[in-house]
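# Summary of structural features
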Amino acid sequence: MIIRNINLETVCGITSTLPKNDKPEIAFAGKSNVGKSSLINALMNRKSYARISATPGKTQTINFYNINDEMYLVDLPGYGYAKVSQQEKEKWGRMIERYLHTSGRLRAVFLLIDIRHEPSANDRLMYNWVVEQGYNPIIIATKLDKIKRSQVDKHVKMLRQGLGLLPGTKVIPFSAVTKQGRDDIWDLVEREYLDRDTAQEEQ
Ligand SMILES: Nc1nc2c(ncn2[C@@H]2O[C@H](COP(=O)(O)OP(=O)(O)O)[C@@H](O)[C@H]2O)c(=O)[nH]1
Ligand SMILES: [Mg+2]
């Protein structure tokens, strides 16, 4: 994807009305600190347009990034942040659920999981829940630079087993430091989830 312009167009808090966008949306879910903002920045070729937080759990809004007036990257609130009350967590859960149910343009959900660790109970809950909402999430295994190259296959297998991924589910290892995996993600999005007039593109 050639990034021509980006714009954080809508920021939704708990009580906000969700936007009725008329362009395809790709959403990113994952626990706090997994690297969602870093991934979105890398996809947009920016260092810090999406806020990168040293304090997990800070981004408790749904952020819609307009890309080239062609599509949206949607940053969902992180889950599993211990300092947030149960009541607060439920509110955010309902908000994400409302988004997944009502967005007419949501094409795909990417679920981010840290490549280093066994998926947590929250990760499994999130995966199963997204599947129950009718989506077949693509897994991004984040922080790829933190493990040795020789360990990657083993860790991807650990994620597949730990999450109980449905056969055929894609897992894309990614590093915000080296940008490895970035092009694979864009290729997938452009190939599968955007309405491109391919005849025109090829001219
Ligand atoms: N080494 C490394 N650190 C990362 C990577 N992605 C994110 N981080 C770090 O992890 C922390 C949380 O990142 P952030 O993007 O804010 O996570 P978010 O809470 O999921 O949006 C920050 O300190 C980032 O610099 C990565 O691919 N490699
Ligand atoms: Mg974030």
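About the cut-offs
Residues numbered from 1 in each chain as written. Chains lettered and ligands numbered in written order. Predicted model: local features only at pLDDT ≥ 70, side-chain atom pairs only at ≥ 80, totals over all residues. Heavy atoms only, no water. UniProt positions renumbered as here; feature names shortened; annotations may be inferred. Helix = DSSP H or I, 4+ residues; strand = E, 2+ residues; numbered from the N terminus. Rg over C-alpha atoms; globule rule 2.2 N^0.38 Å. Buried < 20%, exposed > 50% of the residue type's maximum accessible area, 1.4 Å probe, protein only. Contact = heavy atoms within 4.5 Å. Areas by Shrake-Rupley, 256 points an atom, 1.4 Å probe, with all protein chains shown as cover. Lys, Arg positive; Asp, Glu negative; His and termini not counted. Charge placed at Lys NZ, Arg CZ, Asp CG, Glu CD. Pairing = 2+ DSSP bridges. Axes fitted to C-alpha atoms, helices over the stretch in contact; angles between N-to-C directions. Parallel < 35°, antiparallel > 145°, perpendicular 65-115°, else oblique. Nonpolar A, V, L, I, M, F, W, Y, C, P; charged D, E, K, R; others polar. Near = heavy atom within 4 Å. Polar contact = N/O pair within 3.5 Å; in protein donor to acceptor, adjacent residues only side chain to side chain.

Under the annotation held in an unreviewed UniProt entry, the protein carries the name Probable GTP-binding protein EngB and is attributed to Mordavella massiliensis. UniProt annotates the protein under Sequence similarities (unreviewed entry) with the comment "Belongs to the TRAFAC class TrmE-Era-EngA-EngB-Septin-like GTPase superfamily. EngB GTPase family."

## Observations regarding the overall build of the protein
Each helix and strand counted, the protein has six helices and seven strands in total. Sequence-ordered secondary structure for the protein, helices as α and strands as β, is β-β-α-β-β-α-β-α-β-α-β-α-α. The C-alpha atoms of the protein give a radius of gyration of 16 Å, which matches the 17 Å a tight globule of 203 residues would have. Projecting the C-alpha coordinates of the protein onto the three principal axes gives extents of approximately 45 × 45 × 35 Å. Considering the protein as a whole, with its 203 residues, one finds that 49% of them fall into the buried category. Relative to all contacts within the protein whose residues are 6 or more apart in sequence, the contacts with residues 24 or more apart total 75%. Counting every atom, the protein has about 10700 Å² of accessible surface; 46% of that belongs to carbon and sulfur. On the protein, the mean spot of the 30 positive side-chain charges and the mean spot of the 24 negative ones are 8 Å from each other.

## Topic: the sheet that holds strand β4 (residues 71-75)
Judged by pairing direction, the sheet is mixed, and its seven strands sit side by side in the order β1-β3-β4-β2-β5-β6-β7 without closing on themselves. Where the open sheet ends on each side, the last strands, each with one partner, are β1 (6-12) and β7 (171-173). This sheet shows a mean twist of 25° between the axes of neighbouring strands, independent of strand direction. In terms of strand pairing, strand β5 (residues 106-114) meets strand β6 (residues 138-142) through five bridges, oriented parallel. By the bridge assignment, L111 is partnered in β6 with I139.

## Examining the packing of helix α1 (residues 36-43) against helix α5 (residues 182-192)
Contact pair α1 / α5: the axes reach a minimum separation of 10 Å and the direction vectors enclose 75°. Accordingly, the angle class assigned to the pair α1 and α5 is roughly perpendicular. Mapping the contact onto sequence places L39, A42 and L43 in α1 and R182, I185 and W186 in α5. Split into classes, the residues belonging to the contact of α1 with α5 amount to five nonpolar, no polar and one charged.

## What to know about the site of ligand 1
N33, K36, S38, D145 and A176 are the nearest of the 16 residues found near ligand 1. One nitrogen or oxygen atom from the main chain of N33 is found 2.8 Å from an oxygen atom belonging to ligand 1. One of the side-chain N or O atoms of K143 is found 3.0 Å from an oxygen atom in ligand 1. In isolation ligand 1 has 580 Å² of accessible area, and contact with the protein removes 80% of it. The class makeup of the residues in the shell around ligand 1 is four nonpolar, seven polar and five charged.

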